[in-house]
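# Structural overview for review
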Amino acid sequence: MVAVRSLALALAVCAAVLSAGPARAGFVEGYEDLPLPPGFTEQPGASLTFDSPDGRIVEVQASGPAGADPLAFYAATLPHLGWVRESAGQYRRESERLRLTVVPGPRGTSLRLAVTPD
């Protein structure tokens, strides 16, 4: 199962990188298989990673270009990583829940990712 998930992750990231041109997709620090959309970077000092008895808690703030659509990126990428879409910006995988919040702005797009135990 781990090998299948790793292969799916590699394929999804390659597809994202190739479709995005020269910008490269990165990954959320502290969460090895949660990619950031191409052009997005984590905001220094605005992230939290915490292991609790119930599971891992990860909160990340990232920013990207104005007009970016990170929800489309995640809709295309996350199912390949085992995440199941529950509603717009909400996914579930095994015992974890992922919530995505996007705030578009004229100078850039803000993205908040929150992974919590289910």
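Here goes a summary of the coordinates provided.

### Regarding the pattern of salt bridges
Counted by the stated rule, this structure contains seven salt bridges. For Glu96, the salt bridge is made with Arg56, and the minimal N-O distance between the two is 3.9 Å. Of this pair, Glu96 sits in strand 6 (residues 96-105) while Arg56 sits in strand 3 (residues 55-64), placing them 40 residues apart in sequence. For the salt bridge of Arg112 with Glu59, the shortest nitrogen-to-oxygen distance reads 3.1 Å. Of this pair, Arg112 sits in strand 7 (residues 108-117) while Glu59 is found in strand 3, placing the two residues 53 residues apart along the sequence. Via salt bridges that share partners, Glu86, Arg92, Arg97 and Asp118 belong to a single interconnected network.

### Digging into the packing of aromatic side chains
Enumeration over the complete set of coordinates arrives at one aromatic pair. On the basis of an interplanar angle of 75 degrees and a centroid distance of 5.1 Å, the ring pair of Phe73 and Tyr74 is categorised as edge-to-face.

### Quick word on the pairing of strand 6
Across four bridges, strand 5 (residues 90-93) lies against strand 6 in antiparallel orientation. Paired with Arg93 across the strands is Glu96, a residue of strand 6. The turn linking strand 5 back onto strand 6 is made up of two residues, and Glu94 within it adopts a positive phi angle of 50 degrees. Direction of pairing for strand 6 relative to strand 7: antiparallel, over a ladder of 10 bridges. In the strand pairing of strand 7, Val103 is matched with Ser110. Between the antiparallel neighbours strand 6 and strand 7 lie two residues.

Conventions we followed
Residues numbered from 1 in each chain as written. Predicted model: local features only at pLDDT ≥ 70, side-chain atom pairs only at ≥ 80, totals over all residues. Heavy atoms only, no water. Salt bridge = Lys/Arg side-chain N within 4 Å of Asp/Glu carboxyl O. Helix = DSSP H or I, 4+ residues; strand = E, 2+ residues; numbered from the N terminus. Phe/Tyr/Trp six-rings, centres within 6.5 Å; stacked < 30°, edge-to-face > 60°. Pairing = 2+ DSSP bridges.

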